[in-house]
Amino acid sequence: AKEVARGIAGYGNPLGIPNLGGDTVFDASYNANCLVNAIALGIVREDEIIHSEVPAEAAEKAYDIIIVGKPTDRSGFGGASFASASMEEEKKEQNSGAVQEPNPFLERHLLASTYALFDWLAEAKKLNKVSFKDLGAGGVVCASVEQVANRGFGAQIALDAVHISAEDLPPEIIACAETQERFCWICHPDLTEHILHHYNIDWDLPSVAQNARASRIGTVTPDGIYTVTYHGATICQAKALDITCGLQYTRPTNPVSITHAEPKITCEGDVITVADIGERKNKTFRTTIPEVFRTMLAHPNNGSPDSVIRHYDKNIIGNTILEAGEADAGVIAPLQDLKSYVHAGAHPGWKISDEERWRGIAVAGDGNGRYGRISPYLQGMNAAVEAMRNVACVGAKPRALTDCLNYGNPEIPQQLWELQEGVRGIADAANGVHVDDTTVPVVSGNVSFYNGKPDGSAIDPTAIVCCIGIVPDARKTVSMQIKQADSLLFFVGDRKDECGGSAYYQILEDLAKTKRDALLGCNVPHPDCAAVSAQIAFVTQAIANGSVLACHDVSNGGLALALVEMTLPQRGIGGSIGIEADIAPLGNLRPDILLFSETGGFVLEVQEEKSSAIMQRAEKCGVTPIPLGRTLPSSQLRILHGKTVLLSEELQSLTQIQESAI
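Thresholds, definitions, all that
- Residues numbered from 1 in each chain as written.
- Predicted model: local features only at pLDDT ≥ 70, side-chain atom pairs only at ≥ 80, totals over all residues.
- Heavy atoms only, no water.
- Pairing = 2+ DSSP bridges.
- Helix = DSSP H or I, 4+ residues; strand = E, 2+ residues; numbered from the N terminus.
- Axes fitted to C-alpha atoms, helices over the stretch in contact; angles between N-to-C directions.
- Contact = heavy atoms within 4.5 Å.
- Salt bridge = Lys/Arg side-chain N within 4 Å of Asp/Glu carboxyl O.
- Buried < 20%, exposed > 50% of the residue type's maximum accessible area, 1.4 Å probe, protein only.
- Polar contact = N/O pair within 3.5 Å; in protein donor to acceptor, adjacent residues only side chain to side chain.
- Core = buried A, V, L, I, M, F, W, Y, C linked by side-chain atoms within 4.5 Å.
- 1 Å grid on protein atoms, 1.4 Å probe; cavity = no way out; pocket = protein on both sides within 12 Å on 5 of 7 lines; lining within 4 Å.
- Points joined across faces, edges and corners; volume = space filled by probe spheres on them.
- Nonpolar A, V, L, I, M, F, W, Y, C, P; charged D, E, K, R; others polar.

### What about the sheet that holds strand β17 (residues 442-448)?
Consideration 1: An order of β11-β12-β13-β18-β14-β17 is seen for the six strands of this open sheet, with the pairing classed as mixed. In this open sheet, the two strands that pair with only one neighbour each are β11 (320-322) and β17. Neighbouring strand axes in the sheet, compared pairwise and without regard to direction, differ in orientation by 20 degrees on average.
Consideration 2: As paired elements, strand β13 (residues 360-366) and strand β18 (residues 462-471) share seven bridges and run antiparallel to each other. Bridging from a neighbouring strand, Ala362 pairs with Gly469 of β18.
Consideration 3: Helix α14 (residues 376-393) contacts β13, β14 (397-406) and β18 of the sheet and is inclined by roughly 25 degrees relative to β18.

### What to know about the pattern of salt bridges
Consideration 1: Summed over the entire model, instances satisfying the criterion amount to 23 salt bridges.
Consideration 2: Note that Asp517 is salt-bridged to Arg516, the shortest N-O span being 3.9 Å.
Consideration 3: Here Arg590 and Asp592 are joined by a salt bridge, their closest N and O atoms 2.9 Å apart.
Consideration 4: Residue Arg590 is classed as partly exposed on the basis of its relative accessible area of 26%.
Consideration 5: With relative accessibility at 0%, the residue Asp592 sits in the buried group.
Consideration 6: Each of the salt bridges in this network shares a partner with another, and the network as a whole consists of Asp27, Arg373, Asp460, Arg516 and Asp517.

### Quick word on the sheet that holds strand β24 (residues 636-641)
Consideration 1: Pairing is mixed in the open sheet, where seven strands are placed in the order β20-β22-β19-β23-β21-β24-β25. Two strands bound the open sheet, and with one partner strand each, they are β20 (550-554) and β25 (644-650). For this sheet, the mean inter-axis angle between neighbouring strands, taken without regard to orientation, is 20 degrees.
Consideration 2: Sheet topology places strand β21 (residues 578-582) next to β24; four bridges connect them, and they run parallel. Paired with Ala581 across the two strands is Ile639, which belongs to β24.

### Some thoughts on the side chain of His163
Consideration 1: Along the chain, the position of His163 falls in the loop between β3 (154-158) and α6 (171-176).
Consideration 2: The class of His163 is buried, set by a relative accessible area of 7%.
Consideration 3: A polar atom in the side chain of His163 sits 2.8 Å from the side chain of Ser215.
Consideration 4: When neighbours within four sequence positions are excluded, His163 is seen to be in contact with Ile67, Val68, Gly69, Lys70, Pro71, Thr72, Asn211, Ala212, Arg213 and Ser215.

### Focus on the nonpolar core
Side chains that are nonpolar tend, in soluble globular proteins, to be buried together.
Consideration 1: Core analysis: the largest hydrophobic core is formed by 61 residues, its most contacted members being Met388, Val394, Leu401, Phe538, Cys551, Phe602 and Leu604.
Consideration 2: Those residues in contact with Met388 that sit more than four places away from it in its chain are Pro398, Leu401, Ala429, Val433, Val440, Cys467 and Ile536.
Consideration 3: The next biggest cluster of nonpolar side chains, apart from the first, holds 50 residues, and it includes Cys267, Ala503, Met566 and Leu654.

### Examining empty space enclosed by the protein
The gaps of empty space that remain are located by a probe, the size of a water molecule, rolled over the atoms.
Consideration 1: Summed over the entire model, instances satisfying the criterion amount to one cavity of 30 Å³ or more.
Consideration 2: Approximately 40 Å³ is the volume attributed to the largest cavity.
Consideration 3: As for the largest cavity, its lining consists of Gly367, Asn368, Tyr371, Gln379, Asn382, Ala383 and Glu386.
Consideration 4: At four residues, α14 tops the list of elements feeding residues into the lining of the largest cavity.
Consideration 5: Among the residues forming the lining of the largest cavity, the class breakdown is two nonpolar, four polar and one charged.

### Structural notes on the environment of Ala212
Consideration 1: Inspection of the secondary structure puts Ala212 in the loop between α8 (205-208) and β5 (213-221).
Consideration 2: Spatially, the C-alpha atom of Ala212 lies 9.3 Å from that of Arg182, the residues being 30 residues apart in sequence.
Consideration 3: If near-sequence neighbours (up to four positions away) are discounted, Ala212 is found in contact with Gly69, Lys70, Pro71, Leu106, His163, Leu205 and Pro206.

In structure tokens form, the structure reads like this:
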């Protein structure tokens, strides 16, 4: 985990790309398969999108194929095939070559020079004369064939022309290695010399890294045949579409019968009793809500992310509005300083109004793998819904989803069924939640298979879903941190007996020292998409109207964890305003369920004089906010159930526990 954080910081920081958010989850499911899911957001004018498919005239005009960047080396060879194989200890040395060797400083120079070329192409009105793709899986072959195949075209590639790091590289390495920091342009012949001169002379790539440069390696052909030569010999000749389309499998799926049951728990006052645990089902365990709460805060899944995100540059461009850790979503105003994106000359047509200049983008990603042990369908659905809730918490309207689907071996019917169910859950959430009377589309995504071991076991089904939200004025977004004493707290949503797969049950397992999943439960949160739609509409409207001081969603750890997170210091400010909340009005469930259930919802901080406006707005949206309590001038967290005090903690003590969790 430490090395993952170092790797993200070691690449993102030199590139000058702010890191807007993230999450860290520890679970034994991932002991043999460490997952790292990352998303990058870019911004482009809709009429200046450069496609990864060549123009219709590319074959007739014999467009040129150019590889730009780092010289091809052995690193990353077999990366795509490595990702599609179960890891075996005896192949450790063989697998080591699947990892690319990064050079972030070359990447920074390569990006800057490419942005400058974008500007020139836009100014010269030549964007319709090029296609463009980065080199990822499959290296030179995939980056070039994927740009021509769907047009019915082919290509003639000369591997001798590819710039390489060593003379003895065999042709299959040159063709398919996944060396980092490379791009592939396919352009009209009239542009070829300009592009080569731009990279090799104007931006002097060869001086930035040894053997780095731009090289013309082939042309587009009209025959639909993809031909690769090396030293005059043809080493590959196939239909381009045969290479890109691959083989289609219809594999069986086999539903898994879930046998978990809800643990037998009673809660009297702040005392929790768990009965019938242990192999003989005759063990009773007793604890208290304060003990569970403190243990939950100390768990690395629930602790402060500061020890990780302190390594990341969160606002290097200067447009970050809400940093990682401050809110449920990171927020950036990417149009605030357009000149900073221009590396040479000026980009044409980048004149926008002051109103547009403050358009905000919110981003959040979520996914609870423990839910997948009970219901892969609800795991995917909750990941999508929570990501949408998170961007709504800052005041942004959910507008698009993307995902990374992490699953086991698709050749095992039960594990392929888990993917099928996860996708179904995400689709139902995307189609079910409506924002301004429209659904939220899934615009992209990828799949990571074979996250298993030779014994057939696999990771928990783990769909990670990211949501992008839009806010008209980024300056009006709100963080989760409570802002002042003597303001009111409202809860928006329902409390249900939905602790299956929760942090609460996980902590009870740890405290009782029982076996893994003995207290997993079965009641996974089951979102009501119509209710979620109404809640998101209400929350985003209330924030836009300036009626909300702070907002935080209820998810992992339940209401208890949400309340303490609203009191934590951010950017060195805060930690002195407390909370007193009474959970009795939330329903007739046991106090521990009201506190720790992970049924989704929102906690809002509202100035008292604006409470009537909040209630009127809620009525129009079909939502009923429940008064939860108020903020305190003292640094305490007090949670009551009627007249019974369930928790009374000093914020400084809670902060210390959270900060030492990871």
